[in-house]
Amino acid sequence: MSMRESSKKAAKTTGAWLFLAPSLLGVLVFVMIPFGDALRRSFFDSRGIDFVGLGVYRGVLANQAFRLAAVNTVRFMGTALPLLMAVSFFLSLLVYQYSRKKSFFKTVLVLPVAVPAASVVLLWRMVFCEQGIINELFGLQTDWIYGPASFSVLIFAYLWKNTGYQMLLWLAALGGISDELYEAAEVDGAGWLQKLLYITIPQVRKAAGMILFLAVINSFKVFREAYIVAGSYPNDRIYLLQHLFNHWFLNLDVQKMCAAAVLLTIVIGIFLIPFVVVYLVFSFIPLVSTVYNSFFENYRSGLTQIGPTFIGLENFKTIFTSGEVWIYAKNTLIMWILGFIPQIIL
């Protein structure tokens, strides 16, 4: 590798860090620092003066409403996430097979993602209320919203809203599978089931972890539908942690909210340990190596390898003296402002 090529590679690495800096700064200011303050408040009383240790945590764990909300949230995630993964994967297989109508099916299935939550809620009320379409068509008197069946309605609403998005993620994973594998399997006489079990599933196994991770994050957003449809006090079967947090917020029980948020973070962190391990192995360790190499330079003189040679901040100086990089930085900052700031406001 010549000196010029080595400098270009290091410049790209340094430029990537510069482009990530605004987002990392936003996460630090609007996520990490507030969470640190919440962690501190969870060990103090409501006035934030007297240190009470684990007293707030014991009170939260003994709270019946917290136990009910935690059980319902776990039950919802344990029911909805497997169904979402299975249904979206099945639909992605169907859409992937019909390549001629792929755009049409993707548009139809992803359309619910673009529909505002308030509009969806009005639709569900028309369909599932006591005088709604379902009861009128089948002559039923079931209370789908405030009765025991409300949990099934919530599962259905979650699947309807998120299946299309998950399907797109599966399609992206399926698109990375080489057609030569399927052609070779067909030559060997493999049927669709054999191709699914021995080619498709093993090839998308890595992507499945990230898809499941995103599904877990999106599952916490189901509170919008549950809250708008059934209000602040829904049926006990769909009383979720977000309902409890909302009540504590209205009552200004800040210390309870902080303690519950810390507990929830610990639970999610335990669930995410496998993902963190995979990230450290495949992403963070190479990233550390890349940062380390940005301070060194390797180049050849004829057939002789020269280096690595420590050059300090020379690669960073190359970045700041490059006009092209400043253009990229300006465009990235503009996109960050247009994309990140509205999310904070909304």
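What you see is a predicted model, and the numbers here were worked out from it, not measured in a lab. (Residues numbered from 1 in each chain as written. Predicted model: local features only at pLDDT ≥ 70, side-chain atom pairs only at ≥ 80, totals over all residues. Heavy atoms only, no water.)

**Considering helix α8 (residues 179-187)**
We count it as follows: We call two N or O atoms a polar contact when they sit within 3.5 Å, provided that within protein one can donate a hydrogen and the other can accept it, with sequence-adjacent residues counted only if both atoms are side-chain atoms. Note on conventions: DSSP H or I runs of at least 4 residues are helices, E runs of at least 2 residues are strands, and numbering of each starts at the N terminus.
Measuring from the side-chain oxygen of the N-cap residue of α8 to the backbone nitrogen of Glu180 gives 3.2 Å; that N-cap residue is Ser178. Phi turns positive, to about 90 degrees, at Gly189, one or two residues after α8.

**Some thoughts on the confidence of the model for the protein chain**
As a general rule, the predicted coordinates of low-pLDDT regions are not to be interpreted in detail. Here is the rule: One number per residue, pLDDT, summarises how confident the predictor is, and it ranges from 0 to 100. Any two residues whose heavy atoms approach within 4.5 Å at even a single point are treated as in contact.
Put simply, the protein chain has an average pLDDT of 77, and 75% of its residues get 70 or more. Mean pLDDT across the elements of the protein chain ranges from a minimum in strand β1 (residues 296-301), with 54, to a maximum in helix α3 (residues 64-97), with 88. This stretch, residues 300-305, has a pLDDT under 50; its non-local contacts, to residues over four places away or in other chains, come to 6 contacts.

**Description of a nonpolar patch on the surface**
Where we set the bar: What makes a patch is a set of residues exposed beyond 30% relative accessible area and free of salt bridges, joined within 9 Å when like-charged and within 5 Å when nonpolar (Val, Leu, Ile, Met, Phe, Trp, Tyr). Where accessible areas are quoted, they stem from the Shrake-Rupley method and a 1.4 Å probe; at the residue level, only the protein chains shown are allowed to cover. Salt bridges, as used here, are contacts in which a Lys or Arg side-chain nitrogen is within 4 Å of a carboxyl oxygen on Asp or Glu.
A grouping of Leu25, Val27, Leu28, Val29, Phe30, Val31, Met32 and Ile33 is seen on the molecular surface, where their side chains present a nonpolar patch of about 700 Å² in accessible area. Mapping Val31 onto the fold places it in helix α1 (residues 3-41).

**Regarding the packing of aromatic side chains**
The following threshold applies: When two rings of Phe, Tyr or Trp (its six-membered ring) have centres within 6.5 Å they constitute a pair, described as stacked for plane angles under 30 degrees, edge-to-face for angles over 60, and tilted for the intermediate range. For a lysine, the NZ atom is tested; for an arginine, the CZ atom; a charge sits over a ring if that atom is within 6 Å of the ring centre and within 35 degrees of the ring normal.
Tallying each qualifying case throughout the model produces 8 aromatic pairs. Here the aromatic rings of Phe44 and Phe51 are separated by 5.7 Å at their centres, their planes lie at 80 degrees, and the arrangement is edge-to-face. Relative to Phe156, the ring of Phe128 has its centre 6.2 Å away and its plane inclined at 70 degrees; by these criteria the two rings are edge-to-face. Note that Phe128 is positioned in helix α5 (residues 117-128) and Phe156 in helix α7 (residues 150-175), a separation of 28 residues in sequence. Three or more aromatic residues joined by ring pairs make a cluster, and in this case those are Phe43, Phe44, Phe51 and Tyr57. The ring of Phe44 has Arg40 lying over it, and the distance from NZ or CZ to the ring centre is 5.8 Å.

**Some points on the side chain of Thr200**
Here Thr200 lies in helix α9 (residues 192-203). Side-chain polar atoms of Thr200 contact the side chain of Tyr182, separated by 2.7 Å. Setting aside chain neighbours within four positions, we find Thr200 in contact with Phe89, Leu93, Leu174, Ile177, Tyr182 and Lys195.

**Remarks on the pattern of salt bridges**
Operational definition: Classification of residues uses two cut-offs on accessible area relative to the type maximum, computed with a 1.4 Å probe and protein chains only: under 20% is buried, over 50% is exposed, and between them is partly exposed.
Within the structure shown, the criterion is met by 3 salt bridges. One salt bridge in this structure joins Arg40 and Asp37, with 3.1 Å as the shortest N-O distance. Linking Arg40 with Asp37, this pair stays in helix α1, spanning 3 residues, or about one helical turn. On the accessibility criterion, Asp37 (31% relative accessible area) is partly exposed. In this structure, the salt-bridge partner of Arg41 is Asp37, at a minimum N-O distance of 2.8 Å. Placement of both Arg41 and Asp37 in helix α1 is noted, with a separation of 4 residues, approximately one turn of the helix.

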